[in-house]
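Structural overview
One-letter residues, chain by chain:
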Amino acid sequence: MKTLGALLVFSLAFAGSLAVDRNNFKTCEQSGFCKRLRSLKPEKSQYSLNLDTVIVHGNVLTAEVNTVDTETEKRIILWNYALKLTALVDGTFRVELDEADPLYPRYRTQFSLDGEPKCDSLKLVSSEKGVVTVVNGQGHKVLITAEPFKLEFLDQAGDVAVVVNGNAQLEVEPLKVKEEGGDEDDSSRGENFKSHHDSKPRGNEAVSLDVTFPEADHVYGIPEHTDNFALRTTSGGEPYRLYNLDVFEYELDSRMALYGAIPVMYAHGSKRTTGVFWHNSAETWVDVVNYAEGTVVSSLVNLVTGGQKKQVDARFMSESGIVDMFVMLGNRPKDVFRQYTRLTGVMPLPPKFSIAYHQSRWNYVDENDVRQVDDNFDVHDMPVDAIWLDIEYTDRKMYFTWDAEKFPHPADMVANLTAKGRKLIAIIDPHIKREAGYFLHEDATENGYYVKDKDGKDYEGWCWPGSSSYLDFFDPRVTKYYSERYQFKNFPGTSKDVHIWNDMNEPSVFNGPEITMPKDCRHYKPPQDGHDGLASFWEHRHVHNEYGLGHIRGTHQGMLDRADGKYRPFILTRSAFAGTQRYAAVWTGDNMAEWGFLAVSIPQCLSMSVAGISFCGSDVGGFFKYPEAELMTRWYQAGSLQPFFRAHSHIETKRREPWLYAPATAALIRDALRRRYALIDYWYTLFYEHSVDGLPIMRPMFHDYPEEEETFDIQDQYLLGDEFLVRPVTEPGVTSVKVYLPGKATRTLWYDVDSYHAHAANGYFTQDVNIAKIPLYQRGGSVVPRKERVRRSSALMAADPYTLVVALDANNTAHGSLYIDDGETYEFRNNKYIYAHIDYEPSAITYSFVNSANYPTRSWVERIVIAGIKSPPKTAKLVQADKQLALQMTLHKGNDVLVVRKPAASMAQPWRIVFSY
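Residues numbered from 1 in each chain as written. Predicted model: local features only at pLDDT ≥ 70, side-chain atom pairs only at ≥ 80, totals over all residues. Heavy atoms only, no water.

**Some points on unusual backbone geometry**
Stated precisely, the cut-off is as follows: Elements are defined by DSSP. Helices are runs of H or I of four residues or more, strands are runs of E of two residues or more, and each kind is numbered from the N terminus. Partly exposed residues are those whose accessible area sits between 20% and 50% of the maximum for their type, while under 20% is buried and over 50% is exposed, using a 1.4 Å probe and protein chains only.
Note that the residue after E147, namely P148, is joined by a cis bond; omega there is -5°. For P148, the location among the structural elements is in the loop between strand 7 (141-145) and strand 8 (150-154). One non-glycine residue, D564, lies in positive phi territory at about 55°. Within the secondary structure, D564 is located in the loop between helix 11 (547-561) and strand 30 (571-573). Unusually for a residue other than glycine, Y756 sits at a positive phi of about 65°. Within the secondary structure, Y756 sits in the loop between strand 39 (749-752) and strand 40 (758-760). We classify Y756 as partly exposed; its relative accessible area is 23%.

Right under this line is the structure:
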């Protein structure tokens, strides 16, 4: 949304060129632990496994790991560590390494996992020649070499799939009593950045671990960055940084940290797909070396090894915590993506309105402005499902209040929207205005609900309200209190149709180091017997990347409780961490109205999607600057085919509601909006299926075509489910674009959705485009439900009829699915829904229920379009319950399309259309 630079220098920013001020953010060299660990490159691991301590019980192996003094002839043990290897379901293993007896408890990330991971069996196979071998219930072996210590994870074929500590970069800095005297350069005494001093009360406590992915072509993940989807080698440059930050005017092609930090990485090659999840919420840097890239480092290694080495190495370095890594053995992309969402959860089925179009601006200034925007969508025949309010709706930036002059009748304003099936989204940020008489500040102060500074006093920072303090969501009392603010009685003017936007929750602190909270601030820690002083609280350095997750957890619970758990909430968050998907959608933050930011929205959301967050999108049109007509048109076209679809803009930009553009441009934007709404039930079905199977909605090309090497680094096109291939136009003035059509080996057909012309998969081809054209293809063998009667909002389309588009494969078959429920409650948990399969064979189309359906939908089928039909039937007959009806058909010979007209089949019951030839 908004940042420090915007607060201080609006005019200057918009008069000149926009660019990030890199001086506000650390490099690895300026981050003490990154500089320290990155320079650590031992030839041999200083860690060794004590074979005498190995115990395997149930699904867990435990053992002692030691570091030894290698500079003396005698083997002197310096530190003892506790190793724990756990076998989990689906071919996943968990590796944990902690100090055996730490000076203080080391932090373990709290919020990211979706419950305790489910266990598999683990059996000791052998322990000989310094190698311990164990095997899980699925036949994956793990070889643990005692000295030098490393772990090798084997696939079911017996080949090494992942190696941990193969490059000897494991490091766990033991906690020590801090000495105030000594070397001035001793980083354990504290660190300075610009005018800020980090006292580092516990001293150094960083952890590091390297991972090797044999036979991998590329690695992906670890969002959020504006770099390539396929991650690039970092040798000779900055590592990828994972540290949730409010980066004003962020730049393209960068490994700098952004708002999200999700430490999951996937490796893919034509042989296998694997992944690792680095379960750590502290500041983290990640190095990558891809030996196939031809960099100086990889070329030297290949020279030494006598040929091109197909392998990717990665190294995770975090400032604190324990070593806690999940190793996911795949074996295909779908498998490993499911493994990750099995650990951190799936996005639950959202309310249906939230996957339609959202209109936002900083800010719609008053109730009349909201009404005019709402009315103009109707005047200009454009659908919309939600109007958003930014911070100016509040009483002087105090959340859970309304500006009494500009928004005196919020309940009436909401009712005006809901009468058309629309919703209101209001912003609630985590910073709390420090003002006497403000109920939230008074309660937080009196009850000790704020994050504390290094001296134990309420921390004060600067954000939109001015002097602010920040709720400590690690304290269960605080989360409970905060969630109760969403009760309708505590937030007058709201209803079940008001949903929430949580912004600035990195947390953003305008006068803090790197525009965030000082690392030596204190957070709540549950009381423990015998622990006081430094052991009685967690520092912000330990929890930083999951602070925003704590915020949205509280929001989510509050929105559930406000209506007794009946209605599904919608929340948008800017800060993201592993597990965020269980509570909120994510957008890519404060982008710019430039072609490069439109293009990068694809790899940004692909990276989020494979990291579990399928509900992703970018601000349509760009947050900063003003998009000219061509860019705005292309952004609406692209946004209509991304999971989260919202237009948003900066307070200083020219108003840009769609109808404010020239009529020709407004018409193109209307077409893009209508495309989204025509496919709204298809999108809803994708979201339902994700909530069941955990697979990304917006998918990289290699997801469905894992053996086609050409797909491995494609980032300008993607798949929606397995039905659509999308190639947005992200370049100005082009008359054609290159499109890669995968699936040659399986004779896949791809149908242009505008013409139904079938293209045989054969790699790249040139697609002609004009300003109205977005290359979109339906896969042969799929059935897609559409609703052609686009209304003012998606809610008003619930009972409207369906058009089923059947795209035939090379065998003249097709299959699809459809999900229907009430769109807003949890009644689907009581079987109040329909999940149906739609199957086409030359002899018939069958609509059958997967579940024992019990939902009285009034929708029906008004048209069936069959594309690619070579031998059309002569007659068609609908059979539903005790009804049989002869149907009319029209054949369009120019593109081999058969239209079955007005079957009038009810979607509330199974049916079958039988063909005769």
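**Re a nonpolar patch on the surface**
Stated precisely, the cut-off is as follows: Surface patches are drawn from residues lacking salt bridges whose relative accessible area is over 30%; two like charges belong together within 9 Å, two nonpolar side chains (Val, Leu, Ile, Met, Phe, Trp, Tyr) within 5 Å. Here the open area of atoms and residues is found with the Shrake-Rupley method and a 1.4 Å probe, where only the protein chains shown may cover a residue. The salt bridge definition used is simple: a Lys or Arg side-chain nitrogen within 4 Å of an Asp or Glu carboxyl oxygen.
A contiguous nonpolar surface patch, about 270 Å² in accessible area, is contributed by I76, L78 and W79. Along the chain, I76 turns up in strand 3 (residues 76-88).

**Digging into the state of the cysteines**
Selection rule: By definition, disulfides here are pairs of cysteine sulfur atoms that lie within 2.5 Å.
As enumerated under the stated definition, the model contains two disulfides in all. The disulfide bridge from C28 ends at C34, spanning 2.0 Å between sulfur atoms. Across the disulfide from C28 to C34, rotation about the S-S bond amounts to roughly -95°, and the bridge is consequently left-handed. Summarising the burial analysis for this pair, C28 and C34 share the class buried.

**So, the packing of aromatic side chains**
Which entries qualify depends on this criterion: Aromatic contacts are taken between Phe, Tyr and Trp rings whose centres are within 6.5 Å, Trp giving its six-membered ring; a plane angle under 30 degrees counts as stacked, one over 60 as edge-to-face, and the others as tilted. In this scheme, Lys NZ or Arg CZ marks a charge over a ring once it lies within 6 Å of the ring centre and within 35 degrees of the ring normal.
Summed over the entire model, instances satisfying the criterion amount to 57 aromatic pairs. Summarising the aromatic geometry, the rings of Y847 and W911 are spaced 5.3 Å apart at their centres and angled 15° between planes, so their arrangement reads as stacked. With Y847 in strand 47 (residues 844-849) and W911 in strand 52 (residues 911-916), the pair connects residues that are 64 residues apart, well separated along the chain. With respect to burial, Y847 and W911 carry one shared label: buried. What links up through ring pairs into an aromatic cluster is the set Y393, F400, W402, F407, F473, Y482, Y486, F491 and Y547. Positioned above the aromatic ring of F537, the side-chain terminus of R202 is 5.4 Å from the ring centre. Directly above the ring of Y802 sits K787, whose terminal nitrogen or CZ lies 4.6 Å from the centroid.

**Overview of helix 14 (residues 663-678)**
What counts, and what does not: Multiply 1.5 Å by the residue count of a helix minus one, and that product is the helix's expected span. Two residues qualify as a contact provided that any one of their heavy atoms is within 4.5 Å of a heavy atom in the partner residue.
Here helix 14 contains 16 residues, and its C-alpha end-to-end distance of 22 Å stays within 8% of the 22 Å for a straight helix at 1.5 Å per residue. For helix 14, the secondary structure elements touched by its buried residues are strand 21 (357-359), helix 13 (629-639), strand 34 (645-647), helix 15 (680-693), strand 42 (776-779) and strand 43 (782-786).

**Here's the deal with the nonpolar core**
As a reminder of what qualifies: Nonpolar cores were defined as sets of buried Ala, Val, Leu, Ile, Met, Phe, Trp, Tyr and Cys residues, with membership established by side-chain atoms within 4.5 Å.
In this structure, L471 and Y636 are the most contacted members of the largest nonpolar core, which totals 166 residues. With eight residues, helix 12 (residues 595-610) is the largest single contributor of residues to this core. Dropping the residues within four chain positions of it, L471 is found in contact with P430, I432, L440, A444, Y449, Y450, V451, V478, Y482 and Y547. Counting residues in hydrophobic clusters, the runner-up holds 50 residues, among them L83, V132, L170 and V286.

**Overview of the sheet that holds strand 51 (residues 897-906)**
The strands making up a sheet are joined through hydrogen bonds of the backbone, oriented either antiparallel or parallel. This is how the line gets drawn: Being paired, for any two strands, means DSSP has found at least two bridges between them. Axis definition: a line fit to C-alpha positions, over the contact stretch in the case of helices; interaxial angles, taken between N-to-C directions, run 0 to 180 degrees.
Strand order in this closed barrel of 10 strands is 43-44-48-51-50-49-52-47-46-45, and the pairing throughout is mixed. Recorded for the sheet is a direction-independent mean angle of 20° between the axes of neighbouring strands. Relative to strand 45 (residues 814-820), strand 43 is paired through two bridges, and the arrangement is parallel. When the bridges of strand 45 are listed, V783 appears paired with G816. Sheet contacts for helix 15: strand 43, strand 44 (802-807), strand 45 and strand 46 (834-841); angle to strand 45, the most-contacted strand, approximately 85°.

**With respect to the side chain of T341**
Where we set the bar: Two N or O atoms form a polar contact when they lie within 3.5 Å of each other; inside protein one atom must be a possible hydrogen donor and the other a possible acceptor, and for residues adjacent in sequence the pair counts only when both atoms belong to side chains.
With respect to the helices and strands, the residue T341 is situated in helix 5 (residues 333-344). Here T341 falls in the buried class, since its relative accessible area comes to 6%. A distance of 3.5 Å separates a polar atom in the side chain of T341 from the backbone oxygen of G694.

**Considering the pattern of salt bridges**
Across all of its chains, the model carries 68 salt bridges by this definition. Here R477 makes a salt bridge to D475, at a shortest N to O gap of 2.9 Å. Overall, the relative accessible area of 44% leaves R477 in the partly exposed class. The class for D475 is buried, based on a relative accessible area of 4%. A salt bridge links R655 to E657, with the shortest nitrogen-to-oxygen separation between them at 3.2 Å.

**Focus: the sheet that holds strand 4 (residues 92-99)**
Across the sheet, which stays open at both edges, the eight strands sit in the order 1-2-3-4-20-17-16-14 with antiparallel pairing between neighbours. Every other strand in the sheet has two partners, leaving strand 1 (47-57) and strand 14 (218-221) as the edge strands with one partner each. For this sheet, the mean inter-axis angle between neighbouring strands, taken without regard to orientation, is 20°. With four bridges connecting them, strand 14 and strand 16 (residues 264-268) associate as antiparallel partners. Paired with V219 across the bridge in strand 16 is A267. Packed onto the sheet, helix 5 meets strand 3, strand 4, strand 16, strand 17 (273-278) and strand 20 (323-328) and runs at close to 20° relative to strand 17.

**Comments concerning the packing of helix 12 against helix 13**
What describes two packed helices is the angle between their axes and the distance between those same axes. Put simply, the test is: Just so you know how the angles are binned, under 35 degrees is roughly parallel, over 145 roughly antiparallel, 65 to 115 roughly perpendicular, and the rest oblique. In this count, Pro and Cys sit with the nonpolar residues alongside Ala, Val, Leu, Ile, Met, Phe, Trp and Tyr, while Asp, Glu, Lys and Arg are called charged and the others, Gly among them, polar.
Packing of helix 12 against helix 13 leaves a shortest axis separation of 10 Å and a crossing angle of 10°. With respect to helix 13, the axis of helix 12 lies roughly parallel. Counting all contacts with helix 12, which are made through W595, F597 and L598, the residues of helix 13 involved are E630, L631, R634, W635 and A638. Broken down by class, the residue content of the contact of helix 12 with helix 13 amounts to six nonpolar, no polar and two charged.

Without other data, these values stay purely geometric and don't point to any function.
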